[in-house]
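A look at the structure
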Amino acid sequence: MVYWIIILFIGLTLLLALDFSIGRKRHLAQINKQKFPIRKSQLSIFTNGPDLFEDYFKQLKQAKKHIHVLFYIVKDDSFSQEFLDILIKKAQAGVEVRLLVDWVGGTISRKYKKKLKEAGVALVHSQTPKLPFLFYTSQVRNHRKISVIDGKIGYTGGYNIGKEYNNQDKKLCPWRDYHLKISGEGVQDLQREFLLDWKKAAKIDLLQNQIYFPSLPKGEICHQFIPSEGNLLEETLYDLINKAEKSIIIGTPYFIPSESIFNQLLRAIDRGVSLTLLVPFEADHALVKEASFTYLRKLLKKGAEVHQYKKGFYHAKVLVIDDKLCDLGTANFDKRSMFLNFELNCLIYNQDVIRQVKTILSQDLLDSEQVSLSDLNSFNPFRSLKERAAQTVSYFL
């Protein structure tokens, strides 16, 4: 009996490995390598949930024509229901409302799905598993967060819809994150990316409908939206790190880089670039913290600074290079974002905004505790076991 169980386990493992390998090769061969041009818009940065959602909900309520929303997570809690009720009321008032949520992250109840449908809200799940590569497609998530209101105002960044994001979860409170509000010509790119994802998930092509692309003014802030999937994020990060001459600052909830990106960071330190890494002290998922320790030890030995945020949970995704460029968006600094997720980042080239981001990071560093090599090398058998387990499945964390 035990023999057959072992044979079955080995066979299943090989089958999943084959599914994943072939599925990934097929995905990489079909990647959409679209890159949006540099635009000039107005940008605002939100760093805490209550401020963001007060502004966001206000804009949703003022929508006149169409609302397009994509989130990785929309939960089934009272805060999420408040959000969904706004969409329902707008649809009942005649506003076109489209809601795209990830197949895994969207946990909207049947009751609210029915309410949305009855009100006229078009609800679609993205990245549903598909034959013949069920395992691979079940792992590829749409991690983007995009909202476009009347084609004129957009939002993107790290926040999802759930009570923890609005500081209503005692365990992960306060939730620290960075989210952008955009007005001006860059909104057309958020709209296009949403409609591309909508076309893929809903099988409906609205990209040629000009009512979703009103004339938009230029703003003052140069920026560029970079959508990614497959291995495109790794390519983008590789190029950005390679350009660093003086300093690199990384803020991320999960630091599990690919071998290529980690080696780029080590080479940057070797050529005299300072590296500062800001990560959470508390983890929101099992093993993600332990998965980073192997990398952190090597960085600390090289002279990098590592800080753990202790005033709540740190979920921001940011990269600042030489005070010249800021990358802020939806992608974590981990293998899942680099290889499996659909992400959307914004490269910002404006010096005033970069100074603002650095001021935010300076405050977050003050609310953090610096990590030493001795902290990570202290005797802790349980931690060591978790590290080994994390290394085995780091690709999927």
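Scroll up to find the structure.
Let me sum up the structure you'll find in this document. (Residues numbered from 1 in each chain as written. Predicted model: local features only at pLDDT ≥ 70, side-chain atom pairs only at ≥ 80, totals over all residues. Heavy atoms only, no water.)

1. Regarding the layout of surface pockets
- Put simply, the largest pocket is a space of about 630 Å³.
- Around the largest pocket, the lining is made up of 27 residues, and of these His27, Gln30, Lys200, Glu229 and Phe342 lie nearest the centre.
- Of all the secondary-structure elements, those providing two or more residues to the lining of the largest pocket are helix 1 (2–29), helix 5 (134–139), helix 6 (187–202) and strand 8 (221–228).
- With 4 residues, the single largest contributor to the lining of the largest pocket is helix 6.
- Among the residues forming the lining of the largest pocket, the class breakdown is 10 nonpolar, 9 polar and 8 charged.
- Within this model, the second largest pocket holds a volume of roughly 510 Å³. (1 Å grid on protein atoms, 1.4 Å probe; cavity = no way out; pocket = protein on both sides within 12 Å on 5 of 7 lines; lining within 4 Å. Points joined across faces, edges and corners; volume = space filled by probe spheres on them. Helix = DSSP H or I, 4+ residues; strand = E, 2+ residues; numbered from the N terminus. Nonpolar A, V, L, I, M, F, W, Y, C, P; charged D, E, K, R; others polar.)

2. Topic: the side chain of Asp150
- Topologically, Asp150 is positioned in the loop between strand 5 (146–149) and strand 6 (153–157).
- Buried charged residue Asp150 carries no salt bridge. Nearest counter-charge: Lys64, at 6.1 Å.
- Polar side-chain contacts of Asp150 include one of 2.7 Å to the backbone nitrogen of Lys65.
- Not counting residues within four places of it along the chain, the set of residues in contact with Asp150 comprises Gln62, Ala63, Lys64, Lys65, His66 and Pro214. (Buried < 20%, exposed > 50% of the residue type's maximum accessible area, 1.4 Å probe, protein only. Lys, Arg positive; Asp, Glu negative; His and termini not counted. Salt bridge = Lys/Arg side-chain N within 4 Å of Asp/Glu carboxyl O. Polar contact = N/O pair within 3.5 Å; in protein donor to acceptor, adjacent residues only side chain to side chain. Contact = heavy atoms within 4.5 Å.)

3. Quick word on the packing of helix 2 (residues 49–61) against helix 3 (residues 78–92)
- Interhelical geometry of helix 2 versus helix 3 gives an angle of 20° and a closest axis separation of 9 Å. Compared by their axis directions, helix 2 and helix 3 come out roughly parallel. The two elements helix 2 and helix 3 meet at a crossing, and its hand is left-handed. From helix 2, Phe53, Tyr56, Phe57, Leu60 and Lys61 reach across to helix 3, where they touch Phe79, Glu82, Phe83, Ile86, Leu87 and Lys90.
- Class assignment for the residues of the contact of helix 2 with helix 3 results in 8 nonpolar, no polar and 3 charged. (Axes fitted to C-alpha atoms, helices over the stretch in contact; angles between N-to-C directions. Parallel < 35°, antiparallel > 145°, perpendicular 65-115°, else oblique. Left-handed = near helix turned anticlockwise from the far one by under 90°.)

4. Focus: unusual backbone geometry
- Looking along the chain, the bond that leaves Leu131 and enters Pro132 is cis, with omega of 5°.
- Summarising the element assignment, Pro132 is placed in the loop between strand 4 (122–126) and helix 5.
- Cis geometry marks the peptide bond from Cys173 to Pro174; its omega dihedral reads -5°.
- With respect to the helices, strands and loops of the structure, Pro174 is situated in the loop between strand 6 and strand 7 (175–184).
- Despite not being glycine, Asp150 has its phi angle at roughly 55°, a positive value.
- The class for Asp150 is buried, based on a relative accessible area of 14%.

5. Overview of the packing of helix 3 against helix 4 (residues 110–119)
- Where helix 3 meets helix 4, the axes come as close as 8 Å, and the angle between the chain directions of the two elements is 20°. One element, helix 3, and the other, helix 4, form an angle in the roughly parallel class. Classified by chirality, the crossing of helix 4 by helix 3 is left-handed. Contact residues: helix 3 offers Gln81, Leu84, Asp85, Ile88, Ala91 and Gln92, while helix 4 offers Tyr112, Lys115, Leu116 and Ala119.
- The residue makeup of the contact of helix 3 with helix 4, split by class, is 6 nonpolar, 2 polar and 2 charged.

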